[in-house]
Amino acid sequence: MASGAGRISVLMRTLGRQLKERLASGLGFYLEGPPRPSPRVSVVEKVSRNALAELVGRAKSHPQRGAARSANPAYVALAELTGESGRPGLALGLRYETGEITFLDLDFSTDKVEESGGAYVDRAENLALWRRLEELIYQQVDSGMVGPRKPVRPPQEVDL
């Protein structure tokens with residue numbers, strides 16, 4: 001039998017898994033979890049989250065606008081979102097009243113500020129812009145990642 005503390009826990013997990021599998025097969029259930037994402041999808045998601053986290057971190061100190069020539073895909077995606085939304089002054093900034101990072105329009109007139117209560121976009125539009133920004137960041141990272149390439153061969157090996 002198992003003599004160490006680590007061995008007992010391994011034994012318990014093994015027996016629990018076997019019992020679970022036998023019960024599931026005996027009752028006709030199949031214990032298949034959701035399919036695992038491919039390694040590429042996992043890496044793209046991780047890089048996207050990191051890019052967005054950097055953008056949000058910088059937006060805590062001052063509003064951040066998009067930059068089409070940035071190395072960070074989040075800034076490029078924010079620049080694309082600015083073009084899509086039709087708001088040239090779209091930026092991410094800290095809303096001090098609530099402490100959240102939200103979208104704001106830096107090119108606002110005094111009429112808009114008085115009627116809407118500030119430069120920040122309304123809640124429904126803010127959520128829609130966040131979702132679209134996350135999609136654009138994912139697309140930027142995915143398209144920017146180097147995929148499998150054809151091997152480089154000398155000209156004498158190429159058949160035309």
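Read on for an overview of the structure. (Residues numbered from 1 in each chain as written. Predicted model: local features only at pLDDT ≥ 70, side-chain atom pairs only at ≥ 80, totals over all residues. Heavy atoms only, no water.)

### Some details on helix H2 (residues 39–59)
Link 1 in the chain: End to end, H2 covers 30 Å across 21 residues, agreeing with the expected 30 Å (1.5 Å per residue, within 8%).
Link 2 in the chain: Taken together, the buried positions of H2 are occupied by Val44, Ser48, Ala51, Leu52, Leu55 and Ala59. End-on, the buried residues of H2 take up no more than an arc of 95°, which puts them together on one face.
Link 3 in the chain: Looking at the buried positions of H2, the neighbouring elements they touch are strand S1 (64–65), helix H3 (73–85), strand S2 (90–95), strand S3 (100–105) and helix H5 (123–144). (Helix = DSSP H or I, 4+ residues; strand = E, 2+ residues; numbered from the N terminus. Expected span 1.5 Å × (residues − 1). Buried < 20%, exposed > 50% of the residue type's maximum accessible area, 1.4 Å probe, protein only. Arc of directions from axis to C-beta. Contact = heavy atoms within 4.5 Å.)

### Here we look at the nonpolar core
Link 1 in the chain: Ranked by internal contacts, the top residues of the largest apolar core, which has 22 residues, are Leu55, Leu81, Leu92, Phe103, Trp130, Leu133 and Ile137.
Link 2 in the chain: Within the residue set of this core, elements represented by two or more residues are H2, H3, S2, S3 and H5.
Link 3 in the chain: Here the element with the most residues in this core is H5; it accounts for 6 residues.
Link 4 in the chain: With residues near it in sequence (within four places) discarded, leucine 133 still touches Leu52, Leu55, Ala74, Ala77, Leu78, Leu81, Leu92 and Phe103. (Core = buried A, V, L, I, M, F, W, Y, C linked by side-chain atoms within 4.5 Å.)

### Structural notes on the packing of H2 against H5
Link 1 in the chain: At a minimum axis distance of 9 Å, the contact between H2 and H5 shows a crossing angle of 125°. As judged from the angle between their axes, H2 and H5 are oblique. By crossing handedness, the relation of H2 to H5 is classed as right-handed. Contacts between H2 and H5 involve Arg40, Val41, Val44, Glu45, Val47, Ser48, Ala51, Leu52, Leu55 and Val56 from the first element and Trp130, Leu133, Glu134, Ile137, Tyr138, Val141 and Asp142 from the second.
Link 2 in the chain: Among the residues forming the contact of H2 with H5, the class breakdown is 12 nonpolar, 1 polar and 4 charged. (Axes fitted to C-alpha atoms, helices over the stretch in contact; angles between N-to-C directions. Parallel < 35°, antiparallel > 145°, perpendicular 65-115°, else oblique. Left-handed = near helix turned anticlockwise from the far one by under 90°. Nonpolar A, V, L, I, M, F, W, Y, C, P; charged D, E, K, R; others polar.)

### Remarks on the side chain of threonine 82
Link 1 in the chain: Along the chain, the position of threonine 82 falls in helix H3.
Link 2 in the chain: The residues contacting threonine 82, other than those within four sequence positions of it, are Arg87, Pro88 and Leu90.

### Some thoughts on the pairing of S3
Link 1 in the chain: Across the 6 residues of S3, 5 count as buried, placing the element largely inside the fold.
Link 2 in the chain: Note: S2 against S3, 6 bridges, orientation antiparallel. Opposite leucine 90, over in S3, you have aspartate 105 as the bridge partner.
Link 3 in the chain: With antiparallel pairing between neighbouring strands as the criterion, S2 and S3 make up a hairpin whose turn holds 4 residues, including glycine 99 at a positive phi of roughly 80°. (Pairing = 2+ DSSP bridges.)

### A short note on the pattern of salt bridges
For side chains of opposite charge, pairing can occur when their charged atoms come near one another.
Link 1 in the chain: Counted under the stated rule, the structure contains 8 salt bridges.
Link 2 in the chain: The residue glutamate 84 makes a salt bridge to arginine 132 at a minimum N-O spacing of 2.9 Å. Of this pair, glutamate 84 sits in helix H3 while arginine 132 sits in helix H5; the two residues are 48 residues apart in sequence, bridging distant segments of the chain. (Salt bridge = Lys/Arg side-chain N within 4 Å of Asp/Glu carboxyl O.)

### So, the sheet that holds S2
Link 1 in the chain: Strand order across the open sheet formed by 3 strands is S1-S2-S3, with antiparallel pairing between neighbours. Only two strands of the sheet have a single neighbouring strand rather than two, namely S1 and S3.
Link 2 in the chain: Helix-sheet contacts for H2 involve S1, S2 and S3, and the interaxial angle to S2 is about 60°.

### Thoughts on H5
Link 1 in the chain: Taking 1.5 Å of rise per residue, 22 residues should cover 32 Å, and H5 covers 31 Å from first to last C-alpha, within 8% of that figure.
Link 2 in the chain: Taken together, the buried positions of H5 are occupied by Asn126, Leu129, Trp130, Leu133, Leu136, Ile137 and Val141. Viewed along the axis of H5, the buried residues span an arc of 135°, placing them on a single side of the element. In H5, the exposed positions angled more than 90 degrees off the buried face are occupied by Ala124, Arg131 and Ser143.
Link 3 in the chain: The elements touched by buried residues of H5 are H2, H3, S2 and S3.

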